[in-house]
Amino acid sequence: MESPAQQQHPTFHMPFQPRLNPHVDRARARTEAWARRMGMFDEPYLEWPERWSGETFNQADFPLFIALTHPDADADELELVTAWHVALWFVDDLFLPLFRRDHDRASAETRVERLMQFLPLDGLPRPLVPDNPVERAFADLWTGTAATMGLAWRKRFISSVRRFLDGVLWELEHVDHAVADLIEYLGARRDFGGLQFTAVLMEHTTGELPHHAHGHREFRTALDAFVDAVSLHNDIVSYDRETDEGTVANNGVEVAHKTLATDRPSATETVNALLTARVNTLAQAPAAVPPAAAPFVEALQEALAGSYRWHELTGRFTRPTRPDVTKPHGPGTSAAYAFQTPTAEHR
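Predicted model, so just to flag it, every value in this text is computed and none were measured.

Participant: Sorry, what's going on with the overall build of the protein chain here?
Facilitator: The helix and strand inventory of the protein chain stands at 16 helices and zero strands. The 347 residues of the protein chain split such that 54% are buried. With an accessible surface of roughly 15300 Å², the protein chain has 54% of that area assigned to carbon and sulfur atoms.

Below, the structure written as structure tokens:
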């Protein structure tokens, strides 16, 4: 009999098709080297080896996620976007355990305030000496990134990072206590999941959107649908891992399980129905948003499909630590497995 911790995922509705960026193998090699230079594999951060080490970093294959969500980025752009995401993944994986251990929210807030000093609006370097990998990453990436985009985009970028970090602080307070209902949870998840940051950074690849597009209600609806869909899908496929780690309280399946007083399969079905509705909202969005924003929304659709594909391929959400020996490895092999025919449960 299959144990509850190993239940199959439901059938996911996915009307979009992913594409793989051809520069993924270069991004893999350079991103790992960059992460090491930033100190992300230094001894103090290996206390949680199941989440952050050279082995688990390669198994998670973060560059593949970016290559599947940014298929048209050139090689340098793909490397830049991957590095930004790795910096925030580092926060997500290690920040919470570090401060949860001592329930030290005050120190966590101090760290957030200091980290934001490395993202000045003018994009110019500051006389601050970074003292941890995230600060080094922000200092290394921000000046060059900010120089290529306008003031409004920089404001959105800084706001999205702050929103993510505040979401991590929120999660620090709620990790041991589930929120009251799915609506409250979904609103909070838009912050601590970091997907707002992903969407803002996509403009660096696709081109900065005009201000009026961001103020358009249908565009905001499309953006929320993208964020919600990635988040809810992640909740379903990461439920087992988060249960093992003791962080499952901030998972939509667990929220549905507790608040609806139902079993896990029924809770998963509820979350998947909500996920399907958000995917359909995103599918209808290009015709509703301003014409200037339609290509960006279509990029979000491909990015959502890419996120689904990455979740199928990465070892980040499974227990085994050994790589799949049936997959090809090494330069030039990514396309050989990224677009294998998916199993029936994911069609």
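Participant: Just to check I follow, could you spell out the packing of helix α14 (residues 264-284) against helix α15 (residues 294-313) for this structure?
Facilitator: Packed helices, taken two at a time, are described by their axes: the angle between them and the distance between them. Axis separation between α14 and α15 bottoms out at 10 Å; the angle between their running directions is 145°. Along the contact surface, α14 presents Leu275, Val279, Leu282 and Ala283, while α15 presents Val297, Leu300, Gln301, Leu304 and Tyr308. Looking at the contact of α14 with α15 residue by residue, the classes come out as eight nonpolar, one polar and no charged.

Participant: Can you walk me through the pattern of salt bridges in this structure?
Facilitator: A side chain of one charge can pair with a side chain of the opposite charge if their charged atoms are brought near each other. For the structure shown, the criterion picks out 24 salt bridges. A salt bridge links Arg126 to Asp122; the shortest N-O distance between them is 3.1 Å. Among the residues examined, Arg126 registers a relative accessible area of 38% and is labelled partly exposed.

Participant: When you look at the packing of helix α11 (residues 217-237) against α14 in this model, what are you seeing that I'm missing?
Facilitator: At a closest axis distance of 8 Å, the pairing of α11 and α14 adopts a crossing angle of 150°. Taken together, α11 and α14 sit at an angle that is classed as roughly antiparallel. Once α11 is placed against α14, the crossing between them reads as left-handed. From α11, Thr221, Ala222, Asp224, Ala225, Phe226, Asp228, Ala229, Leu232, His233 and Ile236 reach across to α14, where they touch Thr268, Val271, Asn272, Leu274, Leu275, Arg278, Val279, Thr281 and Leu282. Grouping the amino acids of the contact of α11 with α14 by side-chain chemistry returns 11 nonpolar, five polar and three charged.

Participant: How should I be thinking about the nonpolar core in this particular structure?
Facilitator: One broad trend across soluble globular proteins is that nonpolar side chains are buried collectively. In this structure, Trp34, Met40, Trp52, Trp84, Phe138 and Phe157 are the most contacted members of the largest nonpolar core, which totals 61 residues. Among the elements that make up this core, the one with the highest residue count is helix α4 (residues 75-100) (14 residues). The contact partners of Trp84, leaving out residues within four places of it in the chain, are Leu119, Phe138, Leu141, Trp142, Thr145, Phe157, Phe197 and Leu201. Listed in part, the 44 residues of the second largest apolar core include Leu232, Val289, Phe296 and Ala305.

About the thresholds
- Residues numbered from 1 in each chain as written.
- Predicted model: local features only at pLDDT ≥ 70, side-chain atom pairs only at ≥ 80, totals over all residues.
- Heavy atoms only, no water.
- Helix = DSSP H or I, 4+ residues; strand = E, 2+ residues; numbered from the N terminus.
- Buried < 20%, exposed > 50% of the residue type's maximum accessible area, 1.4 Å probe, protein only.
- Areas by Shrake-Rupley, 256 points an atom, 1.4 Å probe, with all protein chains shown as cover.
- Axes fitted to C-alpha atoms, helices over the stretch in contact; angles between N-to-C directions.
- Contact = heavy atoms within 4.5 Å.
- Nonpolar A, V, L, I, M, F, W, Y, C, P; charged D, E, K, R; others polar.
- Salt bridge = Lys/Arg side-chain N within 4 Å of Asp/Glu carboxyl O.
- Parallel < 35°, antiparallel > 145°, perpendicular 65-115°, else oblique.
- Left-handed = near helix turned anticlockwise from the far one by under 90°.
- Core = buried A, V, L, I, M, F, W, Y, C linked by side-chain atoms within 4.5 Å.

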